[in-house]
Amino acid sequence: MPDDASTSDPLQAYQSALERRGYAADAIARRLRLAQRILDALDPADTSNEAYREAVARVSAALADPASVARCQQVARDFLPFFVEAGRRLPNRPAAPPDAPQPQSIRVTLPPHDGLDDLIEQARRMALTPAERDALRAYAAALERADLHDRAIERRLAIARLLLLALRPLEPSGRHYRAVIEALLPLFTRDETRSYFLGVARDFHTLALRAGERRRD
């Protein structure tokens, strides 16, 4: 159970609990930022456990290194009881000043397709730019160093190609990469395949953005 069940704002309750546990101020700030990112990734219309897990997976996929992913997953487990105790309600966010620039939504346009298999096949057939080819080679080399067998490498490279295909119309940035992940994620309909996709997206993140930057030079 949370240490402070009386606080309706889960972030405030989590912060109070961390302070009582003796965490340093910077450690508390890092954990609160991750908890806030998880809340931001949730749809207010669906705050179920499954939706929470998917929000955590999306946040984890956007992180750059395994240590950050592990910290995010730890925070997600630690923060969940506070979120549940608060009735799974998302905290009210302060309204932006009237003259503040509004964040632009990102439109991810996928090629016409008949499901995931068709989209993967289109990605397999697409002609690669030199930068994309280099990114895939670097990813394949990393997978080989991890001692994965050929079939596992082939599956991961197919998803990496899919990510490159969806990224092509967009400027290479972490924000656009996250939007691509969110656009593709619904095509993976089982928990295990979603987790597999998100793992590849996390591992391929840096190489994919580097390929996009070189493609636009």
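Before any of the text, the structure's been laid out above.
Okay, so let's go over this structure. Numbering of residues begins from 1 in every chain and follows the order in which that chain's sequence is written. At least 70 in pLDDT is required for a residue's local features to be given in this predicted model, at least 80 for side-chain atom pairs to be given and counted, and no such filter applies to totals for whole chains, interfaces and linings, which use all residues. The side-chain figures draw on all heavy atoms in the structure; neither hydrogens nor water molecules are used.

Regarding the overall build of the protein
- Counting its secondary structure elements, the protein contains nine helices and zero strands.
- Each helix is a run of H or I in the DSSP string that is no shorter than four residues. Each strand is a run of E no shorter than two, and both are numbered from the N terminus. For the protein, the N- to C-terminal ordering of α and β elements is α-α-α-α-α-α-α-α-α.
- Between buried and exposed lies partly exposed: a residue is buried under 20% and exposed over 50% of the maximum accessible area for its type, with that area taken using a 1.4 Å probe on protein chains only. Here the protein, with 217 residues, has 41% of them falling under the buried criterion.

Brief notes about the packing of aromatic side chains
- Only centres within 6.5 Å qualify two rings of Phe, Tyr or Trp (six-membered ring in Trp) as a pair; their planes then separate them into stacked at under 30 degrees, edge-to-face at over 60, and tilted for everything else. Scanning all chains against the criterion turns up six aromatic pairs.
- Measuring from ring centre to ring centre gives 5.2 Å for Tyr139 and Phe204, while their planes differ by 45 degrees; the resulting arrangement is tilted. Here Tyr139, found in helix H6 (residues 130-145), pairs with Phe204, found in helix H9 (residues 191-216); they are 65 residues apart in sequence, far enough to count as distant.
- Joined through ring pairs, the aromatic side chains of Tyr14, Tyr52, Phe79, Phe82 and Phe83 make up one cluster.

Side note on the layout of surface pockets
- The distinction between a cavity and a pocket rests on a 1 Å grid over the protein atoms alone: a 1.4 Å probe fits inside a cavity but cannot get out, while a pocket stays open yet meets protein on both sides within 12 Å along at least five of seven lines, and a residue with an atom within 4 Å of a point counts as lining. Grid points are joined across faces, edges and corners, and a volume is the space filled by probe spheres set on the points. Counted as a void, the second largest pocket has a volume near 490 Å³.
- If you trace the second largest pocket, you find 18 residues lining it, with Ile120, Glu154, Arg155, Ala158 and Ile159 closest to the centre.
- For the lining of the second largest pocket, the elements supplying multiple residues, two or more each, are helix H5 (116-125), helix H7 (150-167) and H9.
- Here the lining of the second largest pocket gets seven residues from one element, more than from any other, and that element is H7.
- Gly is placed with the polar residues, together with every amino acid not listed as nonpolar (Ala, Val, Leu, Ile, Met, Phe, Trp, Tyr, Cys and Pro) or charged (Asp, Glu, Lys and Arg). A breakdown of the residues in the lining of the second largest pocket according to their chemical character gives ten nonpolar, two polar and six charged.

Remarks on the packing of H5 against H7
- Packing of H5 against H7 leaves a shortest axis separation of 8 Å and a crossing angle of 85 degrees. As summarised for this structure, H5 and H7 are arranged roughly perpendicular, according to the angle between their axes. Here H5 contributes Leu116, Leu119, Ile120, Gln122, Ala123 and Arg124 to the contact with H7, which in turn contributes Ala158, Arg161, Leu162 and Leu165.
- Class assignment of the residues belonging to the contact of H5 with H7 gives a composition of seven nonpolar, one polar and two charged. Fitted lines through C-alpha atoms give the axes, limited to the stretch in contact for helices. The angle between two N-to-C directions lies from 0 to 180 degrees. What sets the label is the angle itself: under 35 degrees gives roughly parallel, over 145 gives roughly antiparallel, 65 to 115 gives roughly perpendicular, and the rest give oblique. Any pair of residues with heavy atoms lying within 4.5 Å of one another is described as a contacting pair.

A look at the pattern of salt bridges
- Salt bridges are defined as contacts in which a side-chain nitrogen from Lys or Arg sits within 4 Å of a carboxyl oxygen from Asp or Glu. On inspection of all chains with the given rule, the structure shows eleven salt bridges.
- In this structure, Arg168 and Glu132 form a salt bridge, with 2.6 Å as the shortest nitrogen-oxygen distance. Residue Arg168 is found in the loop between H7 and helix H8 (174-184), and its partner Glu132 is found in helix H6; the two are separated by 36 residues along the sequence.
- On the basis of relative accessible area, Arg168 is assigned to the partly exposed category, the value being 25%.
- Its relative accessible area of 1% is what places Glu132 among the buried residues.
- In this structure, Arg137 engages Asp134 in a salt bridge whose closest nitrogen and oxygen atoms are separated by 3.9 Å. Here Arg137 pairs with Asp134, and both are found in helix H6, just three residues apart, close to one helical turn.
- Its relative accessible area of 32% is what places Asp134 among the partly exposed residues.

Section: H6
- Helices are assigned an expected span. That span is 1.5 Å times one less than the residue count. Counted at 1.5 Å a residue, the expected span for H6 with its 16 residues is 22 Å, and the 23 Å between its end C-alpha atoms agrees.
- Those residues of H6 that fall on the buried side of the exposure criterion are Ala131, Glu132, Ala135, Leu136, Tyr139, Ala140 and Leu143.

So, the side chain of Arg31
- With respect to the helices and strands, Arg31 occurs in helix H2 (residues 25-40).
- Buried charge without a partner: Arg31 forms no salt bridge, and the closest opposite charge is Asp78, 5.8 Å away.
- Contact partners of Arg31, with chain neighbours within four places excluded, come to Tyr14, Leu18, Tyr23 and Val75. Think of it this way: Lys and Arg go in the positive column, Asp and Glu in the negative one, and His and the chain ends go nowhere.

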